[in-house]
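What follows is the residue order along each chain.
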Amino acid sequence: AASFGGGGPTRGGQAQAFAFGATPSQAKREQATEGDDKGVFAVCMLQRADGSFLLDARLAAALGWELGDLEQTIGALIVGIGDDGNKAVLMGSMAAVAGLRILHADEQEVWELHEGKALGLLAGKGVGLSAVEACVAALRKKAGAASKKTKT
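Please read all numbers here as calculations on a predicted model, not as lab measurements.

Draft legend 1. Structural context of the packing of helix H5 (residues 87-103) against helix H6 (residues 108-124). Between H5 and H6, the least distance of the axes is 10 Å, while the angle of their chain directions is 150°. Here H5 is positioned roughly antiparallel relative to H6, judged by the angle of their axes. The handedness of the crossing between H5 and H6 is left-handed. Across the interface between the two elements, Val89, Leu90, Ser93, Met94, Val97, Leu100 and Arg101 of H5 pack against Trp111, Glu115, Ala118, Leu119, Leu121 and Leu122 of H6. Classifying every residue of the contact of H5 with H6 by side-chain character gives ten nonpolar, one polar and two charged.

Draft legend 2. Structural context of the nonpolar core. If you look at the biggest cluster of nonpolar residues, it comprises 34 residues, and the most contacted ones within it are Val43, Leu59, Leu70, Ile74, Met94 and Val127. Secondary structure elements with two or more residues in this core: helix H2 (40-44), helix H3 (57-63), helix H4 (67-77), H5, H6 and helix H7 (129-151). Not counting chain neighbours up to four residues away, the residues in contact with Val43 comprise Phe53, Leu59, Ala62, Leu63, Ala96 and Leu100.

Draft legend 3. View of the side chain of Thr73. Its location among the elements puts Thr73 in helix H4. One polar contact links the side chain of Thr73 to the main-chain carbonyl oxygen of Asp69, over a distance of 2.9 Å.

Draft legend 4. Just the confidence of the model for the protein, in detail. Per-residue confidence for the protein averages 80 on the pLDDT scale, and 68% of its residues sit at or above 70. Here strand S4 (residues 18-19) stands out as the element of the protein with the lowest mean pLDDT, 40, in contrast to H3, whose mean of 96 is the highest. Confidence drops under pLDDT 50 across residues 1-20; counting only partners more than four residues distant or on other chains, this segment forms 26 contacts. For the stretch residues 27-35, pLDDT sits under 50, and the model shows eight contacts to residues farther than four places along the chain or on other chains.

About the thresholds
Residues numbered from 1 in each chain as written. Predicted model: local features only at pLDDT ≥ 70, side-chain atom pairs only at ≥ 80, totals over all residues. Heavy atoms only, no water. Axes fitted to C-alpha atoms, helices over the stretch in contact; angles between N-to-C directions. Helix = DSSP H or I, 4+ residues; strand = E, 2+ residues; numbered from the N terminus. Parallel < 35°, antiparallel > 145°, perpendicular 65-115°, else oblique. Left-handed = near helix turned anticlockwise from the far one by under 90°. Contact = heavy atoms within 4.5 Å. Nonpolar A, V, L, I, M, F, W, Y, C, P; charged D, E, K, R; others polar. Core = buried A, V, L, I, M, F, W, Y, C linked by side-chain atoms within 4.5 Å. Buried < 20%, exposed > 50% of the residue type's maximum accessible area, 1.4 Å probe, protein only. Polar contact = N/O pair within 3.5 Å; in protein donor to acceptor, adjacent residues only side chain to side chain. pLDDT = per-residue confidence, 0-100.

Right, dumping it as structure tokens:
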């Protein structure tokens, strides 16, 4: 992104440099996460135009979780919802929402629109907010258990 100085937004009377189309804090975050395949931007970049995320190895890697664990945990929560043709989309969208909330809670302003689009898609496919919340809780518990194992 191109950087521009003077004439931009001011804070305390001083011109602030900014990347075209981004606030100064967004530009700094973007520079800090370039090349990072596990950051919030890596997850957001996997969202498809319809708002969905596909549960695959790329999403699992971006979240830093095992694909098999995600399939098992989320699969148990969506029994009877959707058909086999869209299970990977439902599970991927739920995994992405959970991962953003759990792993990147402090960057909500970056991902909240992505979350909203994914939640809208899920609702349209019959996945209610309670199922999404159950997914977040299950993955948060699993992530907490995994971090305890690595500390011991």
